[in-house]
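# Fold and geometry: a report
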Amino acid sequence: MRMIRQIAPQKRNKNRCNISDEDGFLTSLSVETVLRYHLKEGMQVSDELLEEMKQEDTVKYAKEIGVAYVAYAPRTKRQLEQHLAKKGIDAHSIAQAVEMLEKYSYLDDAAYVREFVRSYGEKLGAGAMRQKLMERGVSRQVIEENLQLSQEGQQAAALALAQKLQRKYADQPEQKRRQKMFAALARRGFSYDDIRAALGELGEEDELF
């Protein structure tokens, strides 16, 4: 058993308290947890109860951090897990936070893919979008099930970018301009066929294919 010698609000975070016993600092807990367990100075607590309070408090903290993180911008499950891990939160608490956010649809990788397409479908090719989504931790299956791109849309996006590139490299020799345009479109993840169609539309395909 341990006797709580002091319960003191933190200077930088008034919503948390530092708990100390006769040997010094024990742990920090939220004010909510302190009130929930009716903790008082002079109270005896077991190591088991102390661990239970710390775990409950960490889960609550993980959920609060998670809500703030996904509220700022859409996130994938992997991004949230990595963010919480960097905060030093244990795996069990992370799993609890993720489960809660998925339950209330604040975290949904399928929805994330669909929103990603709406945001970048006119700027990137399918290849680049797949790569970026995988880098964010979305599974290949979820990507393929939700990456709905029309052929017409991809061709229009490739053409729009090709037009900008044509103006950008207008002062370059023809062959060098075409090579730079092709490379830039390829880096954006457009397919060979879409690139060829876009450059052909602009009269830039000669001597390149």
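First, a word on scope: everything that follows refers to the structure included in this document. (Residues numbered from 1 in each chain as written. Predicted model: local features only at pLDDT ≥ 70, side-chain atom pairs only at ≥ 80, totals over all residues. Heavy atoms only, no water.)

## Section: helix α4 (residues 91–103)
Taking 1.5 Å as the rise per residue, α4 with 13 residues should run 18 Å; its terminal C-alpha atoms sit 18 Å apart, in good agreement. Structurally, α4 contributes buried residues whose contacts are with α2 (47–72) and α3 (77–86). For α4, the N-terminal cap is D90; the gap from its side-chain oxygen to the backbone nitrogen of H92 is 3.1 Å. Phi turns positive one or two residues past the end of α4, at S105, with a value near 65 degrees. (Helix = DSSP H or I, 4+ residues; strand = E, 2+ residues; numbered from the N terminus. Expected span 1.5 Å × (residues − 1). Contact = heavy atoms within 4.5 Å. Polar contact = N/O pair within 3.5 Å; in protein donor to acceptor, adjacent residues only side chain to side chain.)

## What about the environment of I4?
For I4, the position within the fold is in the loop between β1 (2–3) and β2 (6–9). Residue I4 is classed as buried on the basis of its relative accessible area, which comes to 2%. When the C-alpha atoms of I4 and E102 are compared, they prove to be 38 Å apart, with 98 residues separating the residues in sequence. If near-sequence neighbours (up to four positions away) are discounted, I4 is found in contact with I19, S20, L39, K40, E41, G42, M43 and V45. (Buried < 20%, exposed > 50% of the residue type's maximum accessible area, 1.4 Å probe, protein only.)

## Thoughts on the pairing of β2
With four bridges joining them, β2 and strand β3 (residues 16–21) adopt antiparallel strand pairing. Within β3, the position partnered with A8 by the bridge is N18. (Pairing = 2+ DSSP bridges.)

## Describing the pairing of strand β4 (residues 24–30)
One face of the sheet, then the other: side chains in a regular strand alternate in exactly this way. Of all the seven residues making up β4, five are buried; the element is thus mostly covered by neighbouring parts of the structure. Direction of pairing for β3 relative to β4: antiparallel, over a ladder of six bridges. Bridge pairing in β4 places D21 opposite G24. Between β3 and β4, which pair antiparallel and follow one another directly, the connecting turn spans two residues.

## Some words on the pattern of salt bridges
Here the idea is simple: oppositely charged side chains can pair when their charged atoms come close. For the coordinates displayed, the defined rule picks out nine salt bridges. We note a salt bridge from R36 to E56, for which the minimum N-O separation is 2.8 Å. Note that R36 is positioned in helix α1 (residues 31–36) and E56 in helix α2, a separation of 20 residues in sequence. Judged by its relative accessible area of 56%, R36 falls in the exposed class. Here E64 makes a salt bridge to K60, at a shortest N to O gap of 2.4 Å. A residue pair is termed a helical-turn pair when its members lie 3 or 4 positions apart in one helix, as E64 and K60 do in helix α2 at four residues. Classification of E64 by relative accessible area gives partly exposed; the value is 43%. The class for K60 is partly exposed, based on a relative accessible area of 23%. (Salt bridge = Lys/Arg side-chain N within 4 Å of Asp/Glu carboxyl O.)

## Description of the environment of L165
Within the element layout of this structure, L165 appears in helix α8 (residues 151–168). Residue classification places L165 among the buried residues on the basis of a relative accessible area of 8%. Sequence separation between L165 and F182 is 17 residues; the distance between their C-alpha atoms is 9.4 Å. Sequence-distant contacts of L165, defined by excluding residues within four places in its chain, comprise M181, A184 and L185.

## A word on the packing of helix α9 (residues 174–187) against helix α10 (residues 192–201)
Closest axis-to-axis distance for the α9/α10 pair is 10 Å, and the angle between their directions is 140 degrees. With respect to each other, α9 and α10 are oriented oblique. In the packing of α9 onto α10, the handedness of the crossing is right-handed. Contact residues: R178, M181, F182, L185 and A186 in α9; Y192, I195 and L199 in α10. Within the contact of α9 with α10, the residues separate by chemical class into seven nonpolar, no polar and one charged. (Axes fitted to C-alpha atoms, helices over the stretch in contact; angles between N-to-C directions. Parallel < 35°, antiparallel > 145°, perpendicular 65-115°, else oblique. Left-handed = near helix turned anticlockwise from the far one by under 90°. Nonpolar A, V, L, I, M, F, W, Y, C, P; charged D, E, K, R; others polar.)

## Comments concerning the packing of α8 against α10
Helix packing geometry: the angle between the two helix axes and the distance between the axes. Closest axis-to-axis distance for the α8/α10 pair is 9 Å, and the angle between their directions is 50 degrees. Between α8 and α10, the angle falls in the class oblique. Crossing angle aside, the handedness with which α8 passes α10 is right-handed. Contacts from Q151, Q154, Q155, A158, L159 and A162 in α8 reach D194, A198, L199 and E201 in α10. Partitioning the contact of α8 with α10 into residue classes produces five nonpolar, three polar and two charged.

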